[in-house]
Amino acid sequence: MPEKRTKERASHKKSQSSKAGEYVREEMEHVRQGKHGARSSKQAIAIGLNKARRAGVKVKPQKGKKSVSASHHKPNPRRSRATLNALKREGSSAASHKALSRHSRASARQRGPANRRAAARKAVRTKGAAGRKSAARKAARTRARHAA
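Described below are features of the structure shown in this document. Everything quoted here is computed from the prediction, not taken from an experiment.

Criteria and cut-off values
Residues numbered from 1 in each chain as written. Predicted model: local features only at pLDDT ≥ 70, side-chain atom pairs only at ≥ 80, totals over all residues. Heavy atoms only, no water. Helix = DSSP H or I, 4+ residues; strand = E, 2+ residues; numbered from the N terminus. Expected span 1.5 Å × (residues − 1). Buried < 20%, exposed > 50% of the residue type's maximum accessible area, 1.4 Å probe, protein only. Arc of directions from axis to C-beta. Contact = heavy atoms within 4.5 Å. Axes fitted to C-alpha atoms, helices over the stretch in contact; angles between N-to-C directions. Parallel < 35°, antiparallel > 145°, perpendicular 65-115°, else oblique. Left-handed = near helix turned anticlockwise from the far one by under 90°. Nonpolar A, V, L, I, M, F, W, Y, C, P; charged D, E, K, R; others polar. Patch = residues over 30% accessible without salt bridge, like charges linked within 9 Å, V, L, I, M, F, W, Y side chains within 5 Å. Areas by Shrake-Rupley, 256 points an atom, 1.4 Å probe, with all protein chains shown as cover. Salt bridge = Lys/Arg side-chain N within 4 Å of Asp/Glu carboxyl O. Lys, Arg positive; Asp, Glu negative; His and termini not counted. Charge placed at Lys NZ, Arg CZ, Asp CG, Glu CD. Core = buried A, V, L, I, M, F, W, Y, C linked by side-chain atoms within 4.5 Å.

End to end, helix 3 (residues 41–54) covers 20 Å across 14 residues, agreeing with the expected 20 Å (1.5 Å per residue, within 8%). Every buried residue belonging to helix 3 is among S41, A44, G48, K51 and A52, and all of these are buried. Around the axis of helix 3, the buried residues are gathered within 100° of arc, so they sit on the same side. The exposed set on the far side of helix 3, more than 90 degrees from its buried face, consists of K42 and R54. Packing partners of the buried residues in helix 3 comprise helix 2 (16–33) and helix 5 (97–111).

This part is about the packing of helix 1 (residues 4–11) against helix 2. Between helix 1 and helix 2, the least distance of the axes is 8 Å, while the angle of their chain directions is 155°. The angle between helix 1 and helix 2 places the two elements in the roughly antiparallel class. As for how helix 1 packs across helix 2, the hand of that crossing is right-handed. When helix 1 is examined against helix 2, the residues T6, K7, R9 and A10 are found in contact with a partner set consisting of K19, E22, Y23, R25 and E26. A class-by-class count of the residues in the contact of helix 1 with helix 2 yields two nonpolar, one polar and six charged.

Moving on, we come to a positive patch on the surface. Side chains of R105, R109, R111, R116, R117 and R121 sit close together on the surface and give a patch of like positive charge. For the positive patch, the elements supplying multiple residues, two or more each, are helix 5 and helix 6 (113–147). Within the secondary structure, R111 is located in helix 5.

Attention now goes to the nonpolar core. Counting seven residues, the largest nonpolar core consists of V24, M28, V31, A38, A44, A94 and A95. Top contributing element to this core by residue count: helix 2, with three residues. With sequence-adjacent residues up to four places away left out, V31 is seen in contact with H36, G37, A38, A44, G91, S92 and A95. One finds A10, A20, Y23 and A52 within the second-largest nonpolar core, a separate group that totals five residues.

Where helix 3 meets helix 5, the closest approach of the two axes is 9 Å, and the angle between their N-to-C directions is 85°. In terms of orientation, helix 3 and helix 5 fall into the roughly perpendicular class. From helix 3, S41, K42 and I45 reach across to helix 5, where they touch A99, L100 and H103. For the contact of helix 3 with helix 5, the per-class residue count stands at three nonpolar, two polar and one charged.

See below:
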């Protein structure tokens with residue numbers, strides 16, 4: 001069940017993907033706090049997206065899954081409990097900054113260089129002058145740290 005705060009934050013977003021992102025962010029926080037774990041960052045993201053779908057956010061269905069008809073049935077409590085108990089046995093490193101960075105780089109590599117370039121261009125357009133300045137400072141700090 002998504003938190004009230006997450007629903008509120010998601011309602012202020014324009015795009016469906018940004019709304020879904022709020023639910024994924026909430027899920028990452030849950031994993032970090034130790035409410036439950038996840039085997040991989042991909043699994044944690046999938047749980048967040050599923051929460052978003054259940055909350056009514058129009059997110060594309062999972063690859064290979066056919067869209068389920070509108071007849072919603074009550075979830076099986078035994079199955080729900082088993083799933084949660086299984087997640088509680090998993091670790092919390094799936095939501096670490098390192099794991100998320102690794103996941104985002106891997107998914108970007110799959111999309112190809114042209115798509116990455118387009119995403120970078122869009123980021124530059126939407127960031128604004130102050131955002132570009134702070135990003136340049138951060139990049140310079142990173143370069144200096146790696147050079148040393």
